[in-house]
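# Architecture and fold: a report
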Amino acid sequence: MDIPLFGDAPNKRRREINLGGAHTATSHNDILQEAKLRRSQRNDLKRRQDSALLIQHWWRGRIALNDVRGDLRHTFDQDVTSITGLRCLVLLGQDEDALGRWSTVVLSSCKDVLSQGDQSWVVLLQRLALILLRSISTDPRSQYARAHLDVLATLLSSNPQRLAIAQYLVSHGFYTYLRHAVLQLPMPAKASPILTSLATLLTAPLAHRDILAPSLREFVTTILTVPLLPNRLLPAIGPFSARLPLASLNLVPLDILDSPALVASEPKIHLLANLALLMPPRYTVLPPAAFATYLQLAALLMNALPTNALEPAASKPGAASNWADDDSDDETETTVTVVSSFESRDALPQLDEKTRKRLLTLPSSEHIASLLRAGQSQALLPHVISFCFALSTVWPTRRDKVLTTFMAYNKGGLVREIYRGFVRRSPLGRDDSFADITKLDHAADWPPLLLLADLYTQALLTMGDDEFFSSGKNPAAPRNPLSLDELTEFSRKLLNIAFSLYWRDDSTSVQDGSVPGLGSVKWENVREKATKCLQALHARDSRRTFTPKDHWLVTSQLDMTSFIQAAIFEEQELSQPENGRATSMSKRQIAYLSPRLGVLNNIPFAIPFDVRVGIFRRFVINDMQSRGLDSFRGRMSTTRVTVRRTNIAQDGFDRLGDVDLKTPIAITFMDQFGNEEAGIDGGGVFKEFLTSLCKEVFDSDRGLWLANKKNELYPAPHSYATEAHSLAWYRFIGRILGKALYDGILIDVAFAGFFLAKWLGKQSWLDDLASLDPELYSGLIFLKHYEGDPEELSLNFTVSQEEFGVMKTADLIPNGSNIPVTRENRLQYIYLVAHHRLTKQIKKQSTAFFEGLSEIIDPKWLRMFNQQELQILLGGVNAPIDLDDLRSHTQYGGLYDDHEHTIEIFWSVVKTFNQDERRKLLRFVTSCSRPPLLGFKELNPNFAIRDATGDETRLPTASTCVNLLKLPRYKSPQVLREKLVQAINSNAGFDLS
């Protein structure tokens, strides 16, 4: 049929002639515009003519195609099962009625058509099979879908004659089409008539050994990544699973993770979830090669996922957390100031409940135990290690189950095997290969080392000293999996690794760089794991030494002078308000911004103690100078406070509560009669005030503090101590101790190690409980090593404590009263009980105390020390007083010198003093009974003796502000001893004479 053109076209093509004798245009520009307009009209006309011709051609072609298709359909209907009919059907393509008729007829009466071996038939059947696949993919619920599936299943049967068809389909998107069909199945799919046929077809190409490798690869990347695949195939999942050739999984190359189908996180997670259902039941029968491939593939999948991807922390209220990292408090909300650049994280996928439940089988104790049983061979163990490491890394909220099961397996024998078979021979962390480890290619060496670090960090939480230092001579006694020599070597490796990752000018490579071969595991994760284990091992070594002298130091790698200067400079830079940084930064953030402070805040033991003390004092001096004070405490801004000697604690609390304690404080004492005591406070009176104040506030009768059997103090855990008034006192005491540290005044008080750990932001350990509650500690150790069933003991996840005659019970975890303690969860119970006693009961008190302390002392300054060192920094060395050291650093004034008679008999008398009397003398002169932490050379000003008078009836006096002993010129040793002992035991005021 012709389509008429525009009727007025011939008239518009005539040239218009002006017969009036004058041109209509009046200028040259008008002529040009008119010419452009006519050209545009001609072009527009041509476009419309061309479009009309195209429409004519399409219409004629469409009519012709319909005619041809009609002829083809007529021919097909006359002879459905012949090769001619087959050719017609292939040419017809997606004619659903024709395809449905052919599949139905062939299945009912002409199945021999499907077994034709002639090449012409095979080629046509290949094309037709692809058309049937497209039909199923488009509408798997059509009335012919089941017939199509049965035809395809017959064409893909294991008959060798069908190999060409199977090979053709697999290479032309066989599994992609079926994936689309599976995704359209309803859930549950029990009512779907095509379910059994579809499940059969999914595994059909896998029956051909010659194409098993490419078929299995496509099956894994395309079908096993389908979300909720088992749920979609119910109830055919059993036969489907049985037909899978998982024993040949080793034919799947590990580079499938680079395929487009596995780029995003979701398909990786669904592949892992489907493997979690299919593989564990086959662990015991899988060939080693297939088992190894599964473990490698699963580890690679988990390493490629962002942390928490398998259980997003915010996906469900009350999501499980790792009990070893739990420091939460139901009644206290902690706010953390964070620098935004540190918080960029990959978006986590949203998981449905069924997938989460399936994934939860992976970190379960039962699964890890079965995995370890099946993977004990030397060939499989490296892959088992990589799997467990990846699982504990990507799923930190379930890490404790993985690590606890691993640690307990074979009584720690597997841990020994990891160290002796992998970590010990690894070049990582060796002293002779100290280098930038981010530049080294040791991908296979990292999982064993880092898993061992995680295992020991976890184990030390509930490992007592008796077990840690066990010699192994008694087979029945609990035993440390590694010997002390092995732990010494292991800790040195970790120290070298951690130091290398902190000590670098380019922190970006650690912050953002990934470990080669470990997917999304970053160098920052390596540093964190090494640091945590190091801190735990060093804490144990600090309590009871097992390493050689200078084991923890890295001074051979450093120029100490430049280190000190750079650390001081970096601290000044971080402290500048104009830099716009958060005033409270985490250790991780500090490590990113400052390599030296990163070392000092995370692995301070790598630097000698005296160097760190010097750096601490320089930090204080810099802070003084920034506030307009010099190191000798300029007095222009001195705050003057009057305190009644009979009411020191309350007056101090009332009058110093809002005072800036970083400024100099001048104390004036009032005696019992209301008179001011003689003396001008040059610092010594404040020292005396501080000493007297501490004696009052730390008195256990006040109800704020308790003492353990070693007379070490910790906050009282009862409810009275958590009231607002008591918390205000804790904050005040924290400020006062901060003042002492700031001014370098030694305080004669000892704190329990677990409480000092709170100052440093560190965890408490089970062994800390021994000093607090020996009976409870013994009971928990008994439970840990109990050979029977712990359920026989009728314990649950609660803790009871008597307070003022009333027994109170608290849940350790939600619904803890209904959760029994079993063999699997007893380590969690032991940790939580210890954590409750050592941390949660004193959390509010500790928080208030540390809040006050942090007002004076920057927390990152304190983190340069461990608990024992902090105690020394606060109260001096708890060691015998070295008289030779004291004498060599004593200065003399007036008529005295080192060889004067009175001085000679003074030292001879003091030499006869016991240590208690020597401490009293030191306290009488300096206000502190402990010697300075670095010896008497550090006492500022030096210990001094000056002659007072020739009157031997007078007692010695002291000016504690200048550490001065005013000693009359005694001639008799007996008189000197009598007067000196009377003076140091008098406990009189500043105006003693």
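Going by what an unreviewed UniProt entry lists, the protein chain is known as HECT-type E3 ubiquitin transferase and is assigned to Trametes versicolor. Taken from UniProt, the Catalytic activity (unreviewed entry) comment for the protein chain reads in full: "S-ubiquitinyl-[E2 ubiquitin-conjugating enzyme]-L-cysteine + [acceptor protein]-L-lysine = [E2 ubiquitin-conjugating enzyme]-L-cysteine + N(6)-ubiquitinyl-[acceptor protein]-L-lysine." What the UniProt record of the protein chain gives under Pathway (unreviewed entry) is the line "Protein modification; protein ubiquitination."

What follows concerns helix H41 (residues 915–926). Taking 1.5 Å of rise per residue, the 12 residues of H41 would be expected to cover 16 Å, and the 16 Å separating its terminal C-alpha atoms lies within 8% of that figure. Within the sequence span of H41, burial applies to Glu 917, Arg 918, Leu 921, Leu 922, Phe 924, Val 925 and Thr 926. Looking at where H41 begins, the residue whose side-chain oxygen comes 3.1 Å from the main-chain nitrogen of Asp 916 is Asn 914. Ser 927, located one to two residues past H41, shows a positive phi value of around 75°.

To continue, consider the packing of helix H20 (residues 446–461) against helix H22 (residues 484–502). The interhelical angle for the contact between H20 and H22, taken along N-to-C directions, is 110°, at an axis separation of 12 Å. Overall, the two elements H20 and H22 adopt an arrangement that is roughly perpendicular. Classified by chirality, the crossing of H22 by H20 is left-handed. Between H20 and H22, the contacting residues are Trp 446, Leu 449, Leu 452, Ala 453 and Tyr 456 on the first element and Leu 487, Phe 490, Leu 494 and Ile 497 on the second. Looking at the contact of H20 with H22 residue by residue, the classes come out as 9 nonpolar, no polar and no charged.

Excluding glycine, most residues fall at negative phi; most peptide bonds, likewise, are trans. In this chain, Leu 234 is followed by Pro 235 through a cis amide linkage whose omega measures 0°. Within the secondary structure, Pro 235 is located in the loop between helix H11 (229–233) and helix H12 (237–243). Non-glycine residue Ser 794 carries a positive phi angle of around 55°. Within the secondary structure, Ser 794 sits in the loop between helix H34 (774–784) and strand E5 (798–803). Phi at Asn 815 takes a positive value of approximately 60°, unusual for a residue other than glycine.

Think of a pair of aromatic rings as described by two things: how far the centres are apart, and how the planes are tilted against each other in angle. Applying the stated criterion to the full structure yields 39 aromatic pairs. Between Phe 499 and Trp 503 the ring centres are 5.7 Å apart and the planes differ by 10°, which places this aromatic pair in the stacked class. A residue is classified by how much of its surface remains accessible, and Phe 499, at 1% relative accessible area, is buried. Residue Trp 503 is classed as partly exposed on the basis of its relative accessible area of 28%. Their ring planes at 10° and their centres at 4.3 Å tell us that Phe 653 and Trp 729 sit as a pair that is stacked. In this pair, Phe 653 sits in helix H29 (residues 648–656) while Trp 729 sits in helix H31 (residues 724–743), placing the two residues 76 residues apart along the sequence. Phe 653 sits in the buried class, given a relative accessible area of 18%.

Let us now look at the packing of H29 against H31. Between H29 and H31, the shortest axis-to-axis distance is 11 Å and the interhelical angle comes to 85°. Relative to H31, the element H29 lies roughly perpendicular. Each of Ala 649, Gln 650, Gly 652, Phe 653 and Leu 656 in H29 lies in contact with H31, whose residues at this interface are Ala 728, Trp 729, Phe 732, Arg 735 and Ile 736. In the contact of H29 with H31, the residues fall into 7 nonpolar, 2 polar and 1 charged.

Right, let's get into the pattern of salt bridges. Pairing of side chains with opposite charge becomes possible as their charged atoms draw close. A complete count under the given rule lists 35 salt bridges for this structure. Of the charged contacts, one joins Asp 454 and Lys 529 as a salt bridge, the two residues approaching to 2.7 Å between their closest N and O atoms. Placement of Asp 454 in helix H20 and of Lys 529 in helix H24 (residues 523–543) is noted, with a sequence separation of 75 residues between them. Given the relative accessible area of 8%, Asp 454 is considered buried. The residue Lys 860 makes a salt bridge to Asp 858 at a minimum N-O spacing of 2.7 Å.

Within the element layout of this structure, Gly 893 appears in strand E7 (residues 891–893). Spatially, the C-alpha atoms of Gly 893 and Ile 945 are 6.3 Å apart, while their sequence positions differ by 52 residues. Filtering out sequence-adjacent residues up to four positions away, Gly 893 remains in contact with Ile 945, Arg 946 and Asp 947.

A contiguous nonpolar surface patch, about 340 Å² in accessible area, is contributed by Trp 58, Trp 59 and Ile 63. Note that Ile 63 resides in helix H2 (residues 28–78). Assessed through its relative accessible area of 38%, Ile 63 is described here as partly exposed.

As a general point, the strands of a sheet are linked pairwise by backbone hydrogen bonds and lie either parallel or antiparallel. One open sheet holds the 4 strands; their spatial order is E7-E8-E10-E9, and the pairing between them is mixed. Looking along the sheet, the strands with just one partner apiece sit at the ends: E7 and strand E9 (957–959). Adjacent strand axes in the sheet meet at a mean angle of 25° when their direction is disregarded. Alignment of E7 against strand E8 (residues 944–947), held across 3 bridges, turns out to be parallel. The residue of E8 that forms the bridge with Tyr 892 is Ile 945. The strands that H41 touches are E9 and strand E10 (964–967); relative to E9, the one it contacts most, it runs at about 55°.

Our focus in this paragraph is helix H40 (residues 901–912). For H40, spanning 12 residues, the distance from its first C-alpha to its last is 17 Å, which sits close to the expected 16 Å at 1.5 Å a residue. If you check which residues of H40 are buried, you get Thr 902, Ile 903, Ile 905, Phe 906, Trp 907, Val 909 and Val 910. Contact partners of the buried residues in H40: helix H39 (883–888), E7, H41, E8, E10 and helix H42 (973–984). The opening residue of H40 is Glu 900, an N-cap whose side-chain oxygen sits 2.7 Å from the backbone nitrogen of Thr 902.

Regular strands show a simple pattern: their side chains alternate between the two faces of the sheet. Two strands pair when backbone bridges link them, and E5 and strand E6 (residues 806–811) are joined in this way by 6 bridges, in the antiparallel orientation. Of the residues in E6, the one forming a bridge with Thr 798 is Asp 811. The turn joining E5 and E6, which pair antiparallel and follow one another in sequence, is formed by 2 residues; a positive phi near 55° is taken by Phe 804.

Thresholds applied
- Residues numbered from 1 in each chain as written.
- Predicted model: local features only at pLDDT ≥ 70, side-chain atom pairs only at ≥ 80, totals over all residues.
- Heavy atoms only, no water.
- UniProt positions renumbered as here; feature names shortened; annotations may be inferred.
- Helix = DSSP H or I, 4+ residues; strand = E, 2+ residues; numbered from the N terminus.
- Expected span 1.5 Å × (residues − 1).
- Buried < 20%, exposed > 50% of the residue type's maximum accessible area, 1.4 Å probe, protein only.
- Polar contact = N/O pair within 3.5 Å; in protein donor to acceptor, adjacent residues only side chain to side chain.
- Axes fitted to C-alpha atoms, helices over the stretch in contact; angles between N-to-C directions.
- Parallel < 35°, antiparallel > 145°, perpendicular 65-115°, else oblique.
- Left-handed = near helix turned anticlockwise from the far one by under 90°.
- Contact = heavy atoms within 4.5 Å.
- Nonpolar A, V, L, I, M, F, W, Y, C, P; charged D, E, K, R; others polar.
- Phe/Tyr/Trp six-rings, centres within 6.5 Å; stacked < 30°, edge-to-face > 60°.
- Salt bridge = Lys/Arg side-chain N within 4 Å of Asp/Glu carboxyl O.
- Patch = residues over 30% accessible without salt bridge, like charges linked within 9 Å, V, L, I, M, F, W, Y side chains within 5 Å.
- Areas by Shrake-Rupley, 256 points an atom, 1.4 Å probe, with all protein chains shown as cover.
- Pairing = 2+ DSSP bridges.

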